[in-house]
Amino acid sequence: MQIVLVEDNPLMQQLFMIFLRGHGFDVTVAATGAAALTAPISLPTLFLIDLRLPDCNGFELLKQLRARPELRYCPAIALSGLGESDRQEAFAAGFDRFLTKPTDLDELLLTIAELLGGVSQR
């Protein structure tokens with residue numbers, strides 16, 4: 001299972017990448033929306049997208065990713081540093097789940113397992 005992490009903060013990139021790889025996931029990191037759109041993506045994939053990126057917002061990025069037929073049904077988790085204020089807009093944009101930053105890593109893992117139908121990588 002590949003997780004595409006779209007996050008511009010290098011410390012957050014490292015934290016998520018080490019944690020997720022430690023749980024058996026293949027993680028591709030993109031620091032911008034443009035990088036996410038050109039990243040090699042293999043299926044099945046789950047998207048973990050920061051809503052505030054330097055070149056776009058996560059809402060628009062998800063719309064562009066889901067416009068690709070092969071990615072239309074890939075689960076997506078929104079990450080917001082602004083807290084709950086983005087929750088409604090994230091669900092309206094098509095995100096499957098919403099997590100705030102700082103993100104509880106155990107909650108992230110449970111959310112991923114829920115989206116994957118309870119399948120654990122370890």
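Each remark here, short or long, concerns the structure printed above.
Residues numbered from 1 in each chain as written. Predicted model: local features only at pLDDT ≥ 70, side-chain atom pairs only at ≥ 80, totals over all residues. Heavy atoms only, no water.

Engineer: Before we go on, may I ask you to explain the nonpolar core in this structure?
Structural biologist: Of all hydrophobic cores here, the largest spans 19 residues; its most connected members are Val 6, Phe 47, Ile 49, Leu 51, Leu 61, Ala 90 and Phe 95. Where this core is concerned, the elements lending two or more residues are strand S1 (2-6), strand S3 (45-50), helix H3 (58-66) and strand S4 (76-80). Among the elements that take part in this core, H3 stands out by supplying four residues, more than any other. When sequence neighbours within four positions are dropped, the list of residues in contact with Phe 95 reads Ile 49, Leu 51, Gly 58, Phe 59, Leu 62, Ala 76, Ile 77, Ala 78 and Ala 90. Core analysis: the second largest hydrophobic core is formed by 18 residues, Leu 20, Leu 46, Leu 48 and Leu 108 among them. (Core = buried A, V, L, I, M, F, W, Y, C linked by side-chain atoms within 4.5 Å. Buried < 20%, exposed > 50% of the residue type's maximum accessible area, 1.4 Å probe, protein only. Helix = DSSP H or I, 4+ residues; strand = E, 2+ residues; numbered from the N terminus. Contact = heavy atoms within 4.5 Å.)

Engineer: What is the right way to look at helix H5 (residues 105-115) in this model?
Structural biologist: Because the α-helix completes a turn every 3.6 residues, residues three or four places apart line up on one side. Taken together, the buried positions of H5 are occupied by Leu 108, Thr 111, Ile 112, Ala 113 and Leu 115. Summarising the contacts, the buried residues of H5 are in contact with S1, helix H1 (10-22), S3, S4 and strand S5 (97-100). Capping the start of H5, Asp 104 holds a side-chain oxygen 2.9 Å from the backbone nitrogen of Asp 106, two or three residues further along. Looking one or two residues past H5, Gly 117 carries a phi angle of roughly 75 degrees, positive in sign. (Polar contact = N/O pair within 3.5 Å; in protein donor to acceptor, adjacent residues only side chain to side chain.)

All quantities given are derived from atomic positions and should not be read as evidence of function.
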